[in-house]
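# Remarks on the overall topology
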Amino acid sequence: MAALLSEEDRKYLVDLFEKELKGEVKILFFGSKRKEECEYCDLTEQILQELAETNNKITIETHDFDETDLVKKYNIEMVPAILMLDSEGNDMRIRYYGIPSGYEFSSLIEDVIATSKKGEVDLSASTVKKLEEIKSPLKLQVFVTPTCPYCPRAVLMAHKLAMKSPNIIGEMIEANEFPDLSMQYNVSSVPHIIINEGEGEFVGALPEDAFVEQIMSVVKGV
Amino acid sequence: MPLFNLSNVSKPKETNYDVAIIGAGPGGLASAIYAGRAGLKTIVFEKSTEGGQILLTDMIEDYPGFVSISGNALAENFLNHAKTFGANFTNEEIIEADLVSKIKRLKTDLGNEYTAKTVVIATGSNPRKLGVPGEEEFMNRGVSYCAVCDGSFFKDKRVVVIGGGDSAVEEGLYMTKIAKEVTLIHRRDKLRAQKIAQERAFKSKMKFIWDSVVTEIGGSKSVEYVMIKNLKTNEMTKYPTDGVFIYVGLIPNTQIFKDQVKTDENGFILTDEHMETNLEGVYAVGDVRKTPLRQIVTAASDGAIAVIDMTKYFD
């Protein structure tokens, strides 16, 4: 199959990772043998393989949605799914459901870099303090389309919060690939963020403070 | 667009610069190219993805040198051009600015502080809301301001597009490729968009409702109809639709600067012919500026003029 990454982008990633990657990054990919159930599984796996070839600190482990133990361990809900483990095998608590293409490819790259630094991310002191108040599990689902330039900001914010707080799971969901789920949450304008499966929601890529405020209002309301 | 886009992977950074450019649309990126070539240490702040408003445009046909290029590809060219000449980029939003002092201070949403000797405000504008009942309520259930982002949710459905300018007509044309039915509703009896876009719209499957405004967006779970008022006859019509795309003008992103920088009554920043604002070393370029024309070519031109003038502070 022809390469998905252009030679120019491949070189860019080689340079970037050479400079930025500190430790090892293991990417777990979950696909499905039943191709009719997963239109984008092959493409997702291929782009991840090409990504891994740009730096030897990155490894890809491919699994099937049938592997129930692992699927259960990481709470994988649908495929294609991607998650990342740092050099000590810690789950960064980020999930990609659907192919991270278009503008979301940048999010994936940022996440690889952050994972190589064991989840060290840039968040304001006030956010870090607020995150300490979160004591029970919190799920952030960020619905996106690959053509939405505002979306990576919301995805990365959810992922950064997940890396920082042990109770948060941050998910990117490619809305077009999961129409039933998108319909369930009335997604018609992206980014659309669902907090704890509907306890809270908002639309738009908010600045950090406002994003965290939305989450805290759900946390405090519970 | 390319299947895998890398434009907003941010780079490592320092905190003190000659030039801080706020916003990475065509105005900001043209400024970055000229600043880099002038040997100025430059940083560009972008809160979402580098490219600005042009990322929301499907195809661009009025930027010289390109008969037809996707907004995405042109944005990438601008960005790579700026990076080639040494500009630094970071994905942070400026939330506080001291532009009055000789050394300008900028605070970002991540809590970082930067200083710069000069600042270029290139923050562009956001879509203006229609301000009718139902707009807020259905914001995430059928109302959209970005066809490129949300168009795919309306595959084989009916949508209305409100407005008569370039954005309304071009985004409406984009939707004719996705939706089953596209109806453009405009308060006048003719379009304001460029002639060539108008001609294409008239040839497409787009329908038109003239001399009319939408007074309400309604439905139960999601958008089901708009109420349309004919301004000539005052007749009200309930028009069924699944989606509403709103293009009724722009609101400049000047909220955090407006106490320091002079603006017109609509918030657009006033500059002299060199793009300098009332504050020394503070410039405004592109859509955010009070200007008779808001195009990629004029935004880029603003950036060039601003940076060439700015070099006086570094002699």
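In this text, all values refer to a predicted model and were calculated from it rather than measured experimentally.

The helix and strand tally for chain A stands at eight helices and eight strands. Taking 222 residues into account, the globule formula puts the C-alpha radius of gyration at 17 Å, and chain A, at 17 Å, falls close to it. Taken over the C-alpha atoms alone, chain A extends approximately 50 × 40 × 35 Å along its principal axes. In chain A, buried positions account for 47% of the 222 residues.

Residue and element names in this part refer to chain A. One can read the domain layout of chain A as domain 1 (7–116) and domain 2 (125–221). Distance between the C-alpha centres of domain 1 and domain 2: 20 Å. In this complex, domain 1 contributes 20 residues to the contact, which on the side of domain 2 involves 21 residues. Sorting elements by how many residues they give to the side of domain 1 that touches domain 2 places helix α4 (residues 104–116) first, with six residues. Grouping the constituent residues of the side of domain 1 that touches domain 2 by class yields ten nonpolar, five polar and five charged.

A word on the sheet that holds strand β14 (residues 212–219) of chain B. Residues and elements named next belong to chain B. Spatially, the three strands line up as an open sheet ordered β14-β15-β16, and their pairing is antiparallel. Edge positions in the sheet fall to β14 and β16 (236–240), since each of these pairs with one other strand and no more. Each strand axis lies, on average, 25° off the axis of its neighbour in the sheet, ignoring direction. Looking at chain direction, strand β15 (residues 223–230) and β16 are connected through five bridges and run antiparallel. When the bridges of β16 are listed, Lys229 appears paired with Met236.

The next thing to look at is the environment of B:Ile308. For B:Ile308, the position within the fold is in helix α6 (residues 296–310). For the pair B:Ile308 and B:Ile217, spaced 91 residues apart in sequence, the C-alpha to C-alpha distance is 48 Å.

Here we come to helix α2 (residues 71–84) of chain B. Here α2(B) is 14 residues long and its end C-alpha atoms lie 20 Å apart, about the 20 Å a rise of 1.5 Å per residue gives. Residues of α2(B) that are buried include every one of B:Gly71, B:Asn72, B:Leu74, B:Ala75, B:Glu76, B:Phe78, B:Leu79, B:Ala82 and B:Lys83, and no others.

Below, the discussion takes up the pairing of strand β7 (residues 192–195) of chain A. Residues and elements named next belong to chain A. Pairing geometry for strand β5 (residues 138–144) and β7, over four bridges, is antiparallel. Bridge pairing in β7 links Gln141 to Ile194. Pairing of β7 with strand β8 (residues 200–203) involves four bridges; the strand directions are antiparallel. Residue pairing in the sheet places Ile193 in a bridge with Phe202 of β8. Taking the residues between adjacent antiparallel strands as the criterion, β7 and β8 are bridged by four residues, where Asn196 takes a positive phi near 45°.

Here we come to the nonpolar core. Ranked by size, the top nonpolar core spans 153 residues in total, and within it A:Val142, B:Ala20, B:Val120, B:Ile121, B:Val161 and B:Ile162 carry the most contacts. Take this core: its biggest share by element is nine residues, from helix α6 (residues 151–164) of chain A. Setting aside chain neighbours within four positions, we find B:Ile162 in contact with B:Leu130, B:Ala168, B:Ile185, B:Val214, B:Val244, B:Ile246, B:Tyr247 and B:Val248.

Here we take up the interface of chain A and chain B. Between chain A and chain B, the contact holds 35 residues from the first and 32 residues from the second. Only α1 (7–20), α4, α6 and α8 (208–221) of chain A provide two or more residues apiece to the side of chain A that touches chain B. Looking at side-chain class alone, the side of chain A that touches chain B contains 18 nonpolar, eleven polar and six charged residues.

In this section: the domain arrangement of chain B. Interfaces are often sized by the accessible area lost when the parts come together. One can read the domain layout of chain B as domain 1 (16–126 + 250–314) and domain 2 (129–246). Spacing between the C-alpha centres of domain 1 of chain B and domain 2 of chain B amounts to 31 Å.

What follows concerns α6(A). Here α6(A) is 14 residues long and its end C-alpha atoms lie 20 Å apart, about the 20 Å a rise of 1.5 Å per residue gives. Where burial is concerned, most of α6(A) is hidden: 13 out of the 14 residues are buried.

Cut-offs and rules
Sequence positions are assigned chain by chain, starting from 1 and proceeding in written order. Chains carry letters from A onward and ligands carry numbers from 1 onward, assigned in written order. It should be noted that, the model being predicted, local features are given only for residues of pLDDT at least 70 and side-chain atom pairs only at 80 or more, the latter also being counted only at that level, while totals for whole chains, interfaces and linings use all residues. Only DSSP runs of H or I reaching four residues or more are called helices, and only runs of E reaching two or more are called strands; each is numbered from the N terminus. With the radius of gyration taken over C-alpha atoms, the globule rule is written as 2.2 Å times the number of residues to the power 0.38. Three classes are used. A residue is buried when 20 or more other C-beta atoms lie within 10 Å of its own, exposed when 12 or fewer do, and partly exposed in between, with C-beta atoms placed from the backbone. The split of the chain into domains comes from an automatic or database domain assignment. Working definition of a contact: two residues with C-beta atoms, positioned from the backbone, lying within 7 Å. When residue character is reported, Ala, Val, Leu, Ile, Met, Phe, Trp, Tyr, Cys and Pro are called nonpolar, Asp, Glu, Lys and Arg charged, and the others, Gly included, polar. Think of it this way: DSSP has to see at least two bridges between two strands before they count as a pair. Orientation is described by axes fitted as lines to C-alpha atoms, over the contacting stretch for helices, and by angles from 0 to 180 degrees between their N-to-C directions. Here, expected helix span is obtained from the residue count minus one, scaled by 1.5 Å. Joined through C-beta atoms within 7 Å, a set of buried Ala, Val, Leu, Ile, Met, Phe, Trp, Tyr and Cys residues constitutes a nonpolar core.

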